[in-house]
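Close look at the chain arrangement
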Amino acid sequence: MAAMFTCCLGCCGDGGAGHIPLKDMPTVQLDTNHMGTDVVIVKSGRRICGTGGCLANAPLHQNKSYFEFKIQSTGVWGIGVATQKVNLNQVPLGRDTNSLVLRHDGSVYHNNEEKNRLPANNLPQEGDIVGLTYDHVEMNLYLNGKNMHCPASGIRGTVYPVVYVDDSAILDCHFSDFYHAPPQGFEKILFEQQIF
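So, here's what we can say about the structure. Along each chain, the written sequence defines residue order, and numbers are assigned to residues from 1. In keeping with the predicted nature of the model, local features appear solely for residues at pLDDT of at least 70, side-chain atom pairs appear and are counted solely at 80 or more, and the whole-chain, interface and lining totals rest on all residues. The side-chain quantities take in all heavy atoms of the structure and omit both hydrogens and water.

1. Quick look at the overall build of the chain
Scanning the chain for helices and strands turns up two helices and 14 strands. Residues classed as buried in the chain amount to 45% of the 196 residues present. As displayed, the chain has an accessible area near 10,100 Å², and 48% of this comes from carbon and sulfur atoms. Only DSSP runs of H or I covering at least 4 residues are called helices, and only runs of E covering at least 2 are called strands; the numbering of each starts at the N terminus. The buried label goes to any residue with under 20% of its type's maximum accessible area, the exposed label to any with over 50%, and the partly exposed label to all in between, with areas taken from a 1.4 Å probe on protein chains only. To measure how exposed things are, a 1.4 Å probe is used in the Shrake-Rupley method; for residues, cover is taken only from the protein chains shown.

Following this line, the structure appears as structure tokens:
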């Protein structure tokens, strides 16, 4: 009994090598190391303005991820997923195989091909919350918590959340503390250390 108690303390007591205390776990936010040259990131890595795109600092490793964007000011914008090979200075995204995005006009583009489109009466407006789910095959869109039944797929490889802005658009990113509950089975983005 004493040996078991000592083992438990020895394994867990000081955190041990390779353990990261919860307070030191990184926060998912926009990554200033992976953004366009004319992009401005403020509000602790949660708001984007200027011109260009930005990736989040965490890839989508888990099976079912959810994240949200709030449209603070309309203009030209896009949200979705992209690889690190995407050109974040060239908007709109969705022109090549490195990004899959919903554009401000309701179209969903990948490899310069329209993959789907939001219903005409459901285009996101200022103040709206756009949620995205991604399961390593398909991206789905939610507007103010309602499923838009607008799936799109085709992107391959390790992807990150991506957002771009132009023409005075301002978007806020929410990778936790969501406005709307994630759809069943989906959860906030986890860093690889949090998954295992």
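2. Comments concerning the pattern of salt bridges
Every case where a carboxyl oxygen of Asp or Glu lies within 4 Å of a side-chain nitrogen of Lys or Arg is listed as a salt bridge. For the structure on display, the rule yields three salt bridges. Residue Arg47 pairs with Asp172 through a salt bridge whose shortest N-O separation is 2.6 Å. Here Arg47, found in strand 3 (residues 47-56), pairs with Asp172, found in strand 14 (residues 170-174); they are 125 residues apart in sequence, far enough to count as distant. Taking relative accessible area as the criterion, Asp172 reaches 6% and is therefore assigned buried. Linking Lys115 and Glu113 is a salt bridge whose minimum nitrogen-to-oxygen distance equals 3.9 Å. A residue is classified by how much of its surface remains accessible, and Lys115, at 32% relative accessible area, is partly exposed. The exposure class assigned to Glu113 is partly exposed, which follows from its relative accessible area of 42%.

3. A look at the state of the cysteines
Two cysteine sulfur atoms make up a disulfide if the distance between them is within 2.5 Å. Inspection of every chain in the model, using the stated rule, returns zero disulfides. No disulfide involves Cys54; its nearest neighbouring cysteine sulfur is the one of Cys173, lying 7.6 Å away. For Cys54, a relative accessible area of 0% translates into the label buried.

4. Digging into the nonpolar core
Think of a nonpolar core as a cluster: buried Ala, Val, Leu, Ile, Met, Phe, Trp, Tyr and Cys residues, connected wherever their side-chain atoms sit within 4.5 Å. One finds Ile48, Ile79, Val81 and Leu171 to be the most contacted residues of the largest nonpolar core, which totals 38 residues. Contacts are assigned to residue pairs with any non-hydrogen atoms lying within 4.5 Å of each other. If near-sequence neighbours (up to four positions away) are discounted, Leu171 is found in contact with Arg46, Arg47, Ile48, Phe69, Lys70, Ile71, Gln72, Trp77, Ile79, Val163 and Val165. Grouped together as the second largest cluster of nonpolar side chains are 10 residues, Leu88, Val91, Val162 and Tyr164 included.

5. Remarks on the packing of aromatic side chains
Working definition: a ring pair exists when centres of Phe, Tyr or Trp rings (six-membered ring for Trp) sit within 6.5 Å. Plane angles under 30 degrees give stacked, over 60 give edge-to-face, the rest tilted. By the definition in use, this model includes three aromatic pairs. Ring geometry for Tyr66 against Phe178: centres 4.9 Å apart, planes inclined by 80 degrees, an arrangement best described as edge-to-face. Pair noted here: Tyr66 is in strand 4 (residues 65-73) and Phe178 is in the loop between strand 14 and helix 2 (192-195), with a separation of 112 residues, a long-range link. Phe178 sits in the partly exposed class, given a relative accessible area of 21%. With a centroid separation of 6.2 Å and 45 degrees between ring planes, the pair formed by Phe67 and Phe175 is classed as tilted. Within this pair, whereas Phe67 is found in strand 4, its partner Phe175 is found in the loop between strand 14 and helix 2, the two being separated by 108 residues in sequence. For Phe175, a relative accessible area of 4% puts it in the buried group. Here a set of aromatic residues connected by ring pairs shows up, and it is made of Phe67, Phe69 and Phe175. Across the ring face of Phe186, the terminal group of Lys64 is positioned such that the distance to the ring centre comes to 5.4 Å. We call a charge positioned above a ring when the Lys NZ or Arg CZ atom is no farther than 6 Å from the ring centre and deviates by at most 35 degrees from the ring normal.

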